[in-house]
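These are the residues of each chain, in order.
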Amino acid sequence: MTEPPTAAPVRTPATTLRPGLTLVLGGGGFKGVAHLGVLRVLQNEGLPIERVVGTSVGALLGATYCHFGDADQALEHVQRFLASEGFRPGSMVGFRRRTGRLPLVHRLVAGIRRQVALERIFRRSSAYGGGALRAFVRNLVPRGDIADLRVPLGIYVLDLREGAPLLLTRGNLRTAVTASGAVPGFFPPVAWGDSLLCDAGIVDNLPTGAARDAGAARVVAVDLSHTLVPLRSSVTGMEVLLYAQEVSTRLANRRRAAAADVVLVPELGGRHWLDTTHLDRVIAAGEHAAVEALPKLRALLVQPVHRAH
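Residues numbered from 1 in each chain as written. Predicted model: local features only at pLDDT ≥ 70, side-chain atom pairs only at ≥ 80, totals over all residues. Heavy atoms only, no water.

A.B. asks: Please explain the nonpolar core as it appears in this structure.
C.D. replies: Ranked by size, the top nonpolar core spans 82 residues in total, and within it Leu-23 and Ile-155 carry the most contacts. The biggest single contributor to this core is helix α2 (residues 57–68), with 7 residues. Every residue in contact with Ile-155, bar those within four places of it in the chain, is listed here: Gly-54, Ala-59, Ile-146, Leu-166, Leu-167, Leu-168, Leu-173, Ala-176, Val-177 and Ser-180. (Core = buried A, V, L, I, M, F, W, Y, C linked by side-chain atoms within 4.5 Å. Buried < 20%, exposed > 50% of the residue type's maximum accessible area, 1.4 Å probe, protein only. Helix = DSSP H or I, 4+ residues; strand = E, 2+ residues; numbered from the N terminus. Contact = heavy atoms within 4.5 Å.)

Right under this line is the structure:
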């Protein structure tokens, strides 16, 4: 199923407003559950979220939150899935080998080490099929249009045919979220009208600029790529390539953070993006980062701003 790309935002003359926060949720694999901790604290403290702009896992969990319009319900929904048969190793259709022995995370790591993934990339559009990613999205994201969510959402993707990033604000929600999570090389790109979309993290993993361009006045970014997993002394060429990409993402996020009013950095201790253990600690890290930033967030909300629509 293909969908048309979003139209460019319409702008009207600037006015003095007191809007809520635009939350920019960056990518970072399973580290992304920290976003849920941030959302819960902001909601419990009564800080209004005007809209969400997300990429990769930020788009996935942002879509879940924007559907419910309630952080506690979104967190409960995600936790229920993570504790279900659908997420347990070897039980989710599309996330395992045909033998049912290995889940997706182990396949990725083992495949990279055996260079199987690299060989597959040369033969087809990705190392792993799109079924696994679609199944994950289907379990967490409802059917519908992006424009119909309770909280406005922008999904940041990379248009491979145009060679430029794109912020989707309408169209098929599941398709858009799947496209935003389609890590190049790992999962196949997604058709969207005449466009071919994938995860934008390789060029912009913290889309604060896109949020500003869409009219956001108060931007709060959640950066999941602040720390790195220590590099082992003995590594394969593929591991070096992936590590260099993580370094690039970290440096790019620092630059993108300059466009935000407040940046939250959950302390994740160099956690790898494929690590699925102790996710409750990741959620708690998001909560702690939000609590620490509360004085800045409250001060931001009382300041009048000028912005265009």
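More follows now that the structure is in view.
A.B. asks: Which parts of the structure should I look at to understand the packing of helix α6 (residues 131–140) against helix α7 (residues 173–180)?
C.D. replies: Axis angle and axis distance: for two packed helices, these are the angle between their axes and the distance between the axes, and together they describe the pair. Running from N to C, α6 and α7 point in directions that differ by 130 degrees, and their axes come no closer than 10 Å. In terms of axis orientation, α6 runs oblique to α7. In this structure, α6 meets α7 at a crossing whose hand is right-handed. Here Leu-133, Arg-134, Val-137 and Arg-138 of α6 lie close against α7, whose contacting residues are Arg-174, Val-177 and Thr-178. Residues belonging to the contact of α6 with α7 are distributed by class as follows: 3 nonpolar, 1 polar and 3 charged. (Axes fitted to C-alpha atoms, helices over the stretch in contact; angles between N-to-C directions. Parallel < 35°, antiparallel > 145°, perpendicular 65-115°, else oblique. Left-handed = near helix turned anticlockwise from the far one by under 90°. Nonpolar A, V, L, I, M, F, W, Y, C, P; charged D, E, K, R; others polar.)

A.B. asks: Where do I start with the pairing of strand β3 (residues 49–55) in this structure?
C.D. replies: Residues in a regular strand point their side chains to alternate faces of the sheet. For β3, the buried fraction is high: 6 of the 7 residues fall into the buried class. When strand β2 (residues 21–25) meets β3, the two strands line up parallel, connected through 5 bridges. Paired with Val-24 across the two strands is Val-53, which belongs to β3. Where the polypeptide runs from β2 across helix α1 (residues 34–44) and back to β3, its parallel neighbour, the crossover connection is right-handed. Where β3 lies against strand β4 (residues 153–159), 4 bridges are found, and the strand directions are parallel. Bridging from a neighbouring strand, Gly-54 pairs with Ile-155 of β4. (Pairing = 2+ DSSP bridges. Right-handed = clockwise from strand over helix to strand, strands pointing away.)

A.B. asks: Which parts of the structure should I look at to understand the pattern of salt bridges?
C.D. replies: Counted by the stated rule, this structure contains 7 salt bridges. Glu-50 serves as the salt-bridge partner of Arg-51, at 3.8 Å between the closest nitrogen and oxygen. Among the salt bridges present, the one from Asp-204 reaches Arg-256, with a minimum N-O distance of 3.3 Å. With a gap of 52 residues between them, Asp-204 in the loop between β7 (195–199) and α8 (208–213) and Arg-256 in helix α9 (residues 237–257) connect regions that are remote in the sequence. On the basis of relative accessibility, which here comes to 5%, the residue Asp-204 falls in the buried class. Judged by its relative accessible area of 33%, Arg-256 is partly exposed. (Salt bridge = Lys/Arg side-chain N within 4 Å of Asp/Glu carboxyl O.)

A.B. asks: Would you take a moment to explain the confidence of the model for the chain for this structure?
C.D. replies: Note that predicted coordinates carrying low pLDDT should not be read in detail. Residues with a pLDDT of 70 or more make up 71% of the chain, whose mean pLDDT is 81. Across the chain, α7 holds the top mean pLDDT of 98, while strand β1 (residues 15–17) sits lowest at 40. The model gives residues 1–17 a pLDDT under 50, and that stretch makes 46 contacts with residues more than four places away or in other chains. Low pLDDT (under 50) marks residues 112–116, which in the prediction has 8 contacts with non-local residues, meaning those over four places away or in another chain. (pLDDT = per-residue confidence, 0-100.)

A.B. asks: Any chance you could explain the environment of Ala-179 here in plain terms?
C.D. replies: With respect to the element layout, Ala-179 can be found in helix α7. Take Ala-179: its relative accessible area is 0%, and that puts it in the buried class. For the pair Ala-179 and Ala-191, spaced 12 residues apart in sequence, the C-alpha separation works out to 8.2 Å. Beyond its immediate stretch of four places on either side in the chain, Ala-179 contacts Val-157, Val-190, Leu-197, Cys-198 and Asp-199.

A.B. asks: Would you mind showing me how to read the pairing of β4 here?
C.D. replies: With respect to burial, β4 is a largely interior element, 7 of its 7 residues being buried. Going residue by residue along β4, you find Leu-153, Ile-155, Val-157 and Asp-159 tucked away on one face and Gly-154, Tyr-156 and Leu-158 tucked away on the opposite face as well. As paired strands, β4 and strand β5 (residues 164–168) are joined by 5 bridges and run antiparallel to one another. The residue of β5 that forms the bridge with Tyr-156 is Leu-167. Between β4 and β5, which pair antiparallel and follow one another directly, the connecting turn spans 4 residues, one of which, Gly-163, has a positive phi of 70 degrees. Examined bridge by bridge, β4 and β7 share 3 bridges and lie antiparallel to one another. Note on β7: the bridge partner recorded for Val-157 is Asp-199.

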